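Structural overview for review
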Amino acid sequence: MIDYDEMNEVLGREEQELAKEAERKTDAWQSNPYADTPEPENESSGYDIYYSIIESVRDKLNVSLECARRNYDGIDKMRDNAKNDMLGMVFGFLFHLAGYPIVFVLLSGYHLLALVAFSALGFFWAVYTFRFAKKTGDEIASYITRCEKEPVSGAAKALRILTFERERDFYLGRIREVKERMKKVDLYENRLKRNGVFEERHCEELRALARMPKDTPEYSNTKVTMAECLRYHFAKQENTEA
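The model shown is predicted, which means the values in this text are computed figures rather than measured ones.

1. Some remarks on the overall build of the chain
- When helices and strands are counted, the chain shows eight helices and zero strands.
- Ordered by position from the N terminus, the helices and strands of the chain form the series α-α-α-α-α-α-α-α.
- Across the 242 residues in the chain, those meeting the buried criterion constitute 34%.

2. Describing the packing of helix α6 (residues 164-195) against helix α7 (residues 200-210)
- Between α6 and α7, the shortest axis-to-axis distance is 10 Å and the interhelical angle comes to 155°. In terms of orientation, α6 lies roughly antiparallel with respect to α7. Handedness of the α6/α7 crossing: left-handed. Residues R181, K184, V185, Y188 and R191 of α6 form the contact with α7, whose own contacting residues are H202, E205, L206, A208, L209 and A210.
- Split into classes, the residues belonging to the contact of α6 with α7 amount to six nonpolar, one polar and four charged.

3. What to know about the environment of E180
- In this structure, E180 sits in helix α6.
- Separated by 29 residues in the primary sequence, E180 and L209 place their C-alpha atoms 9.7 Å from one another.

4. Quick word on the side chain of E189
- Summarising the element assignment, E189 is placed in helix α6.
- What makes E189 buried here is its relative accessible area of 10%.
- A distance of 3.0 Å separates the side chain of E189 from the side chain of Y51, its partner in a polar contact.
- A polar side-chain atom of E189 sits 2.7 Å from a polar atom in the side chain of R58.
- Once you skip the residues sitting within four places of it in the chain, E189 turns out to touch Y51, I54 and R58.

5. Some thoughts on the nonpolar core
- Grouped together as the largest cluster of nonpolar side chains are 19 residues, with contacts concentrated most on V57, L61, V185, F198 and L206.
- Counting only elements with at least two residues in this core, the list comes to α2 (39-73), α6 and α7.
- In this structure, A82, M86, F164 and Y171 belong to the second largest nonpolar core, which totals seven residues.

6. Comments concerning α6
- Here α6 is 32 residues long and its end C-alpha atoms lie 47 Å apart, about the 46 Å a rise of 1.5 Å per residue gives.
- Downstream of α6 by one or two residues, G196 has phi in the positive range, about 80°.

7. Observations regarding a nonpolar patch on the surface
- On the surface, a cluster of nonpolar side chains totalling about 360 Å² of accessible area is made up of L87, F91, L94 and L97.
- Within the secondary structure, L94 sits in helix α3 (residues 75-107).

8. Focus: the pattern of salt bridges
- Within this structure, the stated rule accounts for 14 salt bridges.
- For R58, the salt bridge identified is with D186, shortest N-O distance 2.9 Å. With R58 in helix α2 and D186 in helix α6, this pair connects stretches of sequence that are 128 residues apart.
- A relative accessible area of 35% places D186 in the partly exposed class.
- Through salt bridges with shared partners, a single network forms among E55, R58, D186, E189 and K193.

9. Brief notes about α7
- Here α7 has its buried residues at H202, C203, L206, R207, L209 and A210. Projection of α7 onto a plane perpendicular to its axis shows the buried side chains occupying an angular sector of 155°, all on one side.

10. So, unusual backbone geometry
- Here the phi dihedral of R160 falls at roughly 55°; this positive angle occurs in a residue that is not glycine.
- For R160, the position within the fold is in the loop between α5 (154-158) and α6.
- A residue is classified by how much of its surface remains accessible, and R160, at 44% relative accessible area, is partly exposed.

Cut-off values and rules
- Residues numbered from 1 in each chain as written.
- Predicted model: local features only at pLDDT ≥ 70, side-chain atom pairs only at ≥ 80, totals over all residues.
- Heavy atoms only, no water.
- Helix = DSSP H or I, 4+ residues; strand = E, 2+ residues; numbered from the N terminus.
- Buried < 20%, exposed > 50% of the residue type's maximum accessible area, 1.4 Å probe, protein only.
- Axes fitted to C-alpha atoms, helices over the stretch in contact; angles between N-to-C directions.
- Parallel < 35°, antiparallel > 145°, perpendicular 65-115°, else oblique.
- Left-handed = near helix turned anticlockwise from the far one by under 90°.
- Contact = heavy atoms within 4.5 Å.
- Nonpolar A, V, L, I, M, F, W, Y, C, P; charged D, E, K, R; others polar.
- Polar contact = N/O pair within 3.5 Å; in protein donor to acceptor, adjacent residues only side chain to side chain.
- Core = buried A, V, L, I, M, F, W, Y, C linked by side-chain atoms within 4.5 Å.
- Expected span 1.5 Å × (residues − 1).
- Patch = residues over 30% accessible without salt bridge, like charges linked within 9 Å, V, L, I, M, F, W, Y side chains within 5 Å.
- Areas by Shrake-Rupley, 256 points an atom, 1.4 Å probe, with all protein chains shown as cover.
- Salt bridge = Lys/Arg side-chain N within 4 Å of Asp/Glu carboxyl O.
- Arc of directions from axis to C-beta.

What follows is the structure in structure tokens.
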């Protein structure tokens, strides 16, 4: 993710310096129109400085737009990766579950010591199997919860889980917001072309357009345990019966 706070701070300082320089030159010419520097050059210089502020704001918005589009386009790939991770966990657990009994049956009958060794090993296998099963259940619960079709309903809302649909809606909204801000920047550009100069409040309004809000959805958690899902569904069932 792009560090928007740092980028806003750096570009904001540059814009303030450019705006102050433009105002200083404009005030100097107005107070002394017969100065050594000709009027047209001052006007052109001030115009260029204000126009550079507009371009700076537009560049920042283009970065935000590109980032939002990239995140939006990557959601389907994220979903596929989450599905593959979940299936990999399930197949790994099934392999683990079947592996030890097969090895025990094949090798423990050859010698009494082998039987004792594999029996002792079975205790550790059982403990690890329980942990593996819990981890696999959590992975399945997380994937199913994130795949809810409604962005803000059900277990995802109750457990504050970021679903793929909610994330898609967030970045789609971000894309629309950036485009609306770009339209406003165009209006400021037309104003500058018409008047040739900006007031300080116009510069502040432009800087505000470049400061995009936090670039993450309200919910950020992508993991949930099977126990949390079961508690939610049992509580939901009790509330429905009541």
